[in-house]
Amino acid sequence: MELIKILDILGPLLALPFVFLRKGRTRRENLVILFLVVQLVLNGIAKYIMIQPDGHNNNIFFYKLNAFLSFGIAGLFMLTILKKMLAAKAFGLIAAYYTVSLVVLLIILINESNTSFNSMSFSLTAFSVCLFCVIYYLNSLANPGDENIIQTSKFWLITAFFVYYGSNFFIFLTFGLLAKYNIKGLGLWGIHNVIFFISCCIILIAAKWIKK
């Protein structure tokens, strides 16, 4: 198996020990551990199924489950940060959006066919996480405090999510259509894997070298 095909497994495998062993790890950072574990387990299962005879269609459920759980965890991570930054009404709207999106992803998980990649679930996940990240960035710029956010782990963890989901949004949006018509050779999922690996490296850096 080419290295690029397993980067979505190697990334979380590399970052996990650094986050887990981080001194003074917060409850919020435990969500990052959970996110990495979900990626490692579900990507690993999907890869194992893929190398089995006729396995390409049978692993779709695990990708849909990945989208649902990843948004649930990454979104909750963002909510714990935004709750301390936003006014009560603004945060209430964000929390409501998170809940509705989670329900939509659950409906997709339960009702949609497992015979083809569902771009909607991944696109919704990517858009929503990026929306939360942008709200964080804008609020931080509009309300600068004494703390240098670049020197905080939460900034880099959020940036890792933003890099992953923001860079892959159009891949998620188009991959289902390309797969439906069996268009190959574009290497889109390989690009996805590289971006995810980079995001995991950012998480590793935040856990290892950023103290706050």
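Residues numbered from 1 in each chain as written. Predicted model: local features only at pLDDT ≥ 70, side-chain atom pairs only at ≥ 80, totals over all residues. Heavy atoms only, no water.

Undergrad: Could you give an account of the overall build of the chain, with specific residues and numbers?
TA: The number of helices and strands found in the chain is 7 helices and 0 strands. Going from N to C terminus, the chain has its helices and strands arranged as α-α-α-α-α-α-α. A globule of 212 residues ought to have a C-alpha radius of gyration of about 17 Å, and the chain, at 17 Å, matches this closely. Principal-axis analysis of the C-alpha atoms gives the chain an extent of 55 × 35 × 25 Å. Counting the 212 residues in the chain, one finds 46% classified as buried. A separation of at least 24 residues holds for 74% of the contacts in the chain among residues at least 6 apart in sequence. Carbon and sulfur atoms make up 70% of the accessible area of the chain, which amounts to about 11200 Å² in all. (Helix = DSSP H or I, 4+ residues; strand = E, 2+ residues; numbered from the N terminus. Rg over C-alpha atoms; globule rule 2.2 N^0.38 Å. Buried < 20%, exposed > 50% of the residue type's maximum accessible area, 1.4 Å probe, protein only. Contact = heavy atoms within 4.5 Å. Areas by Shrake-Rupley, 256 points an atom, 1.4 Å probe, with all protein chains shown as cover.)

Undergrad: Give me the lowdown on the packing of aromatic side chains, citing residues and values where you can.
TA: Any two aromatic rings considered together are summarised by their centre-to-centre distance and by the angle between their planes. A complete count under the given rule lists 18 aromatic pairs for this structure. Measuring from centroid to centroid gives 5.3 Å for Phe 71 and Tyr 98, while their planes differ by 40 degrees, and the two rings are tilted. In this pair, Phe 71 is assigned in helix α3 (residues 60-82) and Tyr 98 in helix α4 (residues 88-111), connecting sequence segments 27 residues apart. As far as burial versus exposure is concerned, Phe 71 and Tyr 98 are alike and both buried. (Phe/Tyr/Trp six-rings, centres within 6.5 Å; stacked < 30°, edge-to-face > 60°.)

Undergrad: So what about α3? Which residues, and what values?
TA: Taking 1.5 Å per residue as the helical rise, α3 with its 23 residues ought to reach 33 Å, and the 32 Å between its terminal C-alpha atoms agrees with that figure. Of all the 23 residues making up α3, 18 are buried; the element is thus mostly covered by neighbouring parts of the structure. (Expected span 1.5 Å × (residues − 1).)

Undergrad: Quick rundown of the nonpolar core? Include the residues and the values.
TA: The biggest cluster of nonpolar side chains holds 56 residues, and the ones touching the most others in it are Leu 36, Phe 77 and Tyr 165. Of all elements in the fold, only α1 (7-20), α2 (27-50), α3, α4, α5 (119-142), α6 (153-180) and α7 (188-209) reach the threshold of two or more residues within this core. Sequence-distant contacts of Tyr 165, defined by excluding residues within four places in its chain, comprise Phe 35, Ser 70, Thr 125, Ala 126, Val 129, Cys 130 and Phe 172. (Core = buried A, V, L, I, M, F, W, Y, C linked by side-chain atoms within 4.5 Å.)

Undergrad: Explain the pattern of salt bridges to me, and be specific about the residues and the numbers.
TA: Tallied over the full model, the rule gives 2 salt bridges. Note that Lys 47 and Asp 8 form a salt bridge whose closest N and O atoms lie 2.7 Å from each other. Here Lys 47 is found in helix α2, whereas its partner Asp 8 is found in helix α1, with 39 residues between them in sequence. With a relative accessible area of 0%, Asp 8 lands in the buried category. For Arg 22, the salt bridge identified is with Glu 29, shortest N-O distance 3.1 Å. Pair check on accessibility: Arg 22 and Glu 29 agree, each one buried. (Salt bridge = Lys/Arg side-chain N within 4 Å of Asp/Glu carboxyl O.)

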